[in-house]
Amino acid sequence: VFVSNVDNLGATVDTKILKAMDDSGAEYLMELTDKTRADIKGGTLINYEGKSTLLEVAQVPSQHIEEFKSIQKFKVFNTNNVWISLKGIKRLTEARSLKLDIIANPKTANGQKVVQLETAIGAAI
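Let me begin by describing the structure that accompanies this report. (Residues numbered from 1 in each chain as written. Predicted model: local features only at pLDDT ≥ 70, side-chain atom pairs only at ≥ 80, totals over all residues. Heavy atoms only, no water.)

## A few points about the overall build of the protein
- Within the protein one finds three helices and seven strands.
- Along its sequence from the N terminus, the protein presents helices and strands in the succession β-α-β-β-β-α-β-α-β-β.
- Here the C-alpha coordinates of the protein stretch approximately 45 × 35 × 35 Å along the principal axes.
- Between the averaged position of the 16 positive side-chain charges in the protein and that of its 15 negative side-chain charges there is a distance of 3 Å. (Helix = DSSP H or I, 4+ residues; strand = E, 2+ residues; numbered from the N terminus. Lys, Arg positive; Asp, Glu negative; His and termini not counted. Charge placed at Lys NZ, Arg CZ, Asp CG, Glu CD.)

## So, the pattern of salt bridges
- Taken as a whole, this structure holds five salt bridges when the rule is applied.
- Between Lys 19 and Asp 23 there is a salt bridge, with the nearest N and O atoms lying 2.8 Å from each other. One end of the pair is Lys 19 and the other is Asp 23, both in helix H1 (residues 15-24) and four residues apart, which spans about a single turn. Each member of the pair, Lys 19 together with Asp 23, is exposed. (Salt bridge = Lys/Arg side-chain N within 4 Å of Asp/Glu carboxyl O. Buried < 20%, exposed > 50% of the residue type's maximum accessible area, 1.4 Å probe, protein only.)

## What about the environment of Ile 71?
- Mapped onto the secondary structure, Ile 71 falls in the loop between helix H2 (65-69) and strand E5 (76-84).
- Here the alpha-carbon distance between Ile 71 and Gly 50, two residues 21 residues apart in the chain, equals 22 Å.

## So, the nonpolar core
- Among the nonpolar cores identified, the biggest contains seven residues, and these are Tyr 28, Met 30, Leu 54, Val 82, Ile 84, Ile 103 and Ala 120.
- Contributions of two or more residues to this core are made by strand E2 (28-34) and E5.
- With residues up to four places along the chain from it excluded, the contact list for Ile 103 reads Glu 56, Ala 58, Gln 59, Gln 116, Leu 117, Glu 118 and Ala 120. (Core = buried A, V, L, I, M, F, W, Y, C linked by side-chain atoms within 4.5 Å. Contact = heavy atoms within 4.5 Å.)

## Some words on a nonpolar patch on the surface
- On the surface, a nonpolar cluster with roughly 270 Å² of combined accessible area is contributed by Val 1, Leu 86 and Ile 89.
- Within the element layout of this structure, Leu 86 appears in helix H3 (residues 86-95).
- With relative accessibility at 58%, the residue Leu 86 sits in the exposed group. (Patch = residues over 30% accessible without salt bridge, like charges linked within 9 Å, V, L, I, M, F, W, Y side chains within 5 Å. Areas by Shrake-Rupley, 256 points an atom, 1.4 Å probe, with all protein chains shown as cover.)

## A few points about the pairing of strand E4 (residues 51-55)
- When strand E3 (residues 44-48) meets E4, the two strands line up antiparallel, connected through five bridges. Each bridged residue has a counterpart across the sheet, and for Thr 44 the counterpart in E4 is Leu 55.
- Two successive antiparallel strands, E3 and E4, enclose a turn made up of two residues, where Glu 49 displays a positive phi of approximately 55°. (Pairing = 2+ DSSP bridges.)

## Topic: the packing of aromatic side chains
- Applying the stated rule across the entire model yields two aromatic pairs.
- With centroids separated by 5.0 Å and ring planes inclined at 55°, the aromatic side chains of Phe 2 and Trp 83 adopt a geometry described as tilted. Placement of Phe 2 in strand E1 (residues 2-4) and of Trp 83 in strand E5 is noted, with a sequence separation of 81 residues between them.
- With relative accessibility at 24%, the residue Phe 2 sits in the partly exposed group.
- Relative to Phe 74, the ring of Phe 68 has its centre 5.8 Å away and its plane inclined at 45°; by these criteria the two rings are tilted.
- Owing to a relative accessible area of 1%, Phe 68 belongs among the buried residues under this scheme. (Phe/Tyr/Trp six-rings, centres within 6.5 Å; stacked < 30°, edge-to-face > 60°.)

## Focus on H1
- With one of its ten residues buried, H1 lies for the most part at the surface.
- The first or second residue beyond H1 is Gly 25, which carries a positive phi of 80°.

The structure is reproduced here in structure tokens:
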């Protein structure tokens, strides 16, 4: 299954990626691209406790935001295009082992400060 954010107008299905996923037997693929100055708000991959994980800007403490924006330190950008095996989803769901962090994302809506609670599909790595 190909999943993309609704606001990602550049998202397209690339059958070469689907074939690579099938050939490798992977259950999950995340499309990444080189991070540019235009991508400073999006997620990136980090190594945390020996595992690759997605880090979203809303998870970054305010004192580290400028560091997070660095295209020298964080070189890849999560496009929010992911490929997921239905068999993998079924296996993880039945085992109740898909644990996604809740991200508290402060926003302003209609002039009022609110907190949007969300999860990031890329965190399913």
